[in-house]
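Coordinate inspection notes
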There are 2 protein chains.
Amino acid sequence: MTTSHLILLIEDDIQTRRFLKSSLNHRGWQTVEADNGKTGLAMLNSENPDLVILDLGLPDMDGIAVTRRLRQLSDLPILILSARSQEQNKIMALDAGADDYLTKPFGSGELHARLQALMRRISRGIANQEIFETGQLRVDLTRRKVFVGENEVRITPIEFRLLSILIRHAGLVVTHRQLLQEVWGAEHIHDQHYLRIYLGQLRHKLEINPARPRYLLTEMGVGYRLAVDDHSSQD
Amino acid sequence: MTTSHLILLIEDDIQTRRFLKSSLNHRGWQTVEADNGKTGLAMLNSENPDLVILDLGLPDMDGIAVTRRLRQLSDLPILILSARSQEQNKIMALDAGADDYLTKPFGSGELHARLQALMRRISRGIANQEIFETGQLRVDLTRRKVFVGENEVRITPIEFRLLSILIRHAGLVVTHRQLLQEVWGAEHIHDQHYLRIYLGQLRHKLEINPARPRYLLTEMGVGYRLAVDDHSSQD
DNA sequence: CGGGCGCGTAAAAAAGGCGTAAAGAGCGTT
DNA sequence: AACGCTCTTTACGCCTTTTTTACGCGCCCG
């Protein structure tokens, strides 16, 4: 159930802050507040919250920078608040490590739903699964071993990291940017040919017919996705 | 506190104001009224409404200016009322941050439908949900998948971005400018033929009869609107 | 009646993304 | 020092997507 749940609000607008506070307290969450990015970051250590709600339109710091810093300092769930005019920033914030977002204006029901979903996602710990399995494919994430049917497949370090990321987001699209960022680091964010080559190698090793992949699917112009088992398959 | 639904009417014409007030009260909304832009803006703070209905033809201030100021002061939903002669102003108001419009004369049913769409965005959070569904159409926004009935439909990146924007504003009008700006960037703001072509492609893929669209509706001279099914059985 | 305007459609040309092969570079191990 | 493995770089052909171009229709207004 809902245990402690202290929420850190980083929001400059008094009105919004008041609304958030009352709405959250009403639902049984504790809150601490900061009206700018700097003190917000400072409170991360002093208050030790369970979750952060961050407004992108802060006066003192760029919202993206705050997000990135938060992510550097902890793995806490981060919920972004953005005004309608900040669509682009919102996407950048998600890329920088935010977990979800709300576009203003929003009601308390919506806020509550987002928080619930966020909490559920975190506590369920999808990321911590030890063995992933779909179709003929089986991946032991802690032993770093991969099987197709009965046979073990040799996997290189980079291949394994790529595969792990796709497994962690199984069924979802992972953007080029995300993959490159996590495997090769920020300075190779534009080297998409790496992805083509390594995805090609992985397909060669994992797919029955690499030309018609069943697991490692391409999302044109966006990224890649690991297909999750949907009971029937041909090809 | 959250379900009060107080509407601020900014409207100079007594007759229209009376009609609006009675029509709204009848539906269970509270109203406060201002007969000019200045007091209207002042009441924003004093009355703390949940939504604003603004007539563009005010005596004291330019409607666009009022809209812009409202947007500066808050993120409240704004519904514009405009006379038929104010076609151009209407578009400018939408671009300045208004959410939807009604052209006089209008009936209470029409008014009600627009308000429903606006309110739904807030209370149910249509703007942020992961799966959008209406009629035969189902869009999974995080998985980037689109279904018509049982069948998945292949969607290109640009098509998906357009569709996402319309979904984010489901039930509301989105101006040409807004769409072009968000998808192609500021330098293509006048290339409306892009919209014609891509909306055509989307209709071809999503509509049962592309020539008589049920979902992707054209607002002549203004923009496009994604129609939503109203599950409520009133009116 | 005709011409302009906004919208929708079709089909082309252009651009860009993707997959594959293969050769070169780096690095640890033997 | 040579070998083997992995990672990086380069090149090319195919295919999808995007952009360009052209035309047809309905409507309002002169």
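Each value, and the rule that gives it
- Residues numbered from 1 in each chain as written.
- Chains lettered and ligands numbered in written order.
- Predicted model: local features only at pLDDT ≥ 70, side-chain atom pairs only at ≥ 80, totals over all residues.
- Heavy atoms only, no water.
- Helix = DSSP H or I, 4+ residues; strand = E, 2+ residues; numbered from the N terminus.
- Buried < 20%, exposed > 50% of the residue type's maximum accessible area, 1.4 Å probe, protein only.
- Areas by Shrake-Rupley, 256 points an atom, 1.4 Å probe, with all protein chains shown as cover.
- Pairing = 2+ DSSP bridges.
- Axes fitted to C-alpha atoms, helices over the stretch in contact; angles between N-to-C directions.
- Contact = heavy atoms within 4.5 Å.
- Near = heavy atom within 4 Å.
- Polar contact = N/O pair within 3.5 Å; in protein donor to acceptor, adjacent residues only side chain to side chain.
- Nonpolar A, V, L, I, M, F, W, Y, C, P; charged D, E, K, R; others polar.
- Domains from an automatic or database assignment.
- Parallel < 35°, antiparallel > 145°, perpendicular 65-115°, else oblique.
- Arc of directions from axis to C-beta.

Each helix and strand in chain A was counted, giving eight helices and 12 strands. Within chain A, the proportion of its 235 residues that are buried is 47%. On chain A, roughly 12500 Å² of surface is accessible, and the fraction owed to carbon and sulfur atoms is 48%.

Right, let's get into the sheet that holds strand S6 (residues 131–134) of chain B. Residues and elements named next belong to chain B. Strand order in this open sheet of four strands is S6-S7-S8-S9, and the pairing throughout is antiparallel. The sheet is open, and its two edges are formed by S6 and strand S9 (151–153), each paired on a single side. In this sheet, adjacent strand axes meet at a mean angle of 20° when their direction is disregarded. Sheet topology note: the strand S7 (residues 137–140)/strand S8 (residues 145–148) ladder contains four bridges and is antiparallel. Considered in S8, the bridge of valine 139 is made with valine 146. In the packing of helix H6 (residues 157–168) onto the sheet, contacts are made with S6, S7 and S8, and the angle to S7 comes to roughly 105°. Lying over the sheet, helix H8 (residues 192–206) contacts S7, S8 and S9, oriented at roughly 55° with respect to S8.

Residues and elements named next belong to chain B. Here the residue pair lysine 104 and proline 105 is connected by a cis peptide bond, since its omega of 0° sits within 30 degrees of zero. The phi angle at asparagine 48 is positive, at roughly 55°, despite the residue not being glycine. Position of asparagine 48 relative to the elements: it lies in the loop between helix H2 (37–47) and strand S3 (51–55). Look at arginine 144: it is not a glycine, yet its phi comes out positive at around 55°. Along the chain, arginine 144 falls in the loop between S7 and S8.

The next point concerns the protein's contact with DNA strand C. In the vicinity of DNA strand C, 17 residues are found, and the nearest of them are A:Arg203, A:Thr218, B:Thr218, B:Gly221 and B:Tyr224. Counting only the atoms of DNA strand C that lie within 4 Å of the protein, the sugar and phosphate share comes to 62%. Here a phosphate oxygen of DNA strand C sits 3.0 Å away from a polar atom, N or O, in the main chain of A:Gly221. One nitrogen or oxygen atom from the side chain of B:Arg196 is found 3.1 Å from a base nitrogen belonging to DNA strand C. Elements supplying a minimum of two residues to the surface near DNA strand C: helix H8 (192–206) of chain A together with H8 of chain B. If one sorts the elements of the surface near DNA strand C by residue count, H8(B) sits on top with four residues. Tallied by class, the residues present in the surface near DNA strand C amount to four nonpolar, nine polar and four charged.

Attention shifts here to the domain arrangement of chain A. Splitting chain A by domain gives domain 1 (6–125) and domain 2 (129–226). Domain 1 of chain A and domain 2 of chain A are separated by 31 Å when their C-alpha centres are compared.

Residue and element names in this part refer to chain B. Axis separation between H2 and helix H3 (residues 63–73) bottoms out at 11 Å; the angle between their running directions is 10°. The orientation of H2 with respect to H3, classified from their angle, is roughly parallel. Along its contact with H2, which presents Gly37, Leu41 and Leu44, the element H3 presents Val66, Arg69, Leu70 and Leu73. Class assignment for the residues of the contact of H2 with H3 results in five nonpolar, one polar and one charged.

This brings us to the environment of B:Leu115. Residues and elements named next belong to chain B. Relative to the helices and strands, leucine 115 is located in helix H5 (residues 108–123). Remark: the alpha-carbon pair of leucine 115 and leucine 79, spanning 36 residues in sequence, is separated by 8.1 Å. With near-sequence residues (within four places) excluded, leucine 115 lies in contact with Ile7, Leu24, Trp29, Leu51, Ile53 and Leu79.

Among the 18 residues in the neighbourhood of DNA strand D, the closest are listed as A:Thr156, A:Tyr194, B:Thr156, B:Trp184 and B:Tyr194. Sugar plus phosphate: this is where 76% of the atoms of DNA strand D within 4 Å of the protein reside. The separation between a phosphate oxygen of DNA strand D and a polar side-chain atom of B:Thr156 is 2.7 Å. Within the contact set of DNA strand D, a phosphate oxygen lies 3.1 Å away from a backbone nitrogen or oxygen of B:Ile158. Secondary structure elements with two or more residues in the surface near DNA strand D: helix H6 (157–168) and H8 of chain A together with H6 and H8 of chain B. Of the residues forming the surface near DNA strand D, the biggest block, four residues, is contributed by H8(A).

Our next topic: helix H7 (residues 176–184) of chain A. Residues and elements named next belong to chain A. All of the buried residues in H7 are His176, Leu179, Leu180, Val183 and Trp184. Buried residues of H7 fall within an arc of 95° about the axis and therefore sit on the same side. Packing partners of the buried residues in H7 comprise H6, strand S10 (173–175), H8 and strand S12 (223–226).

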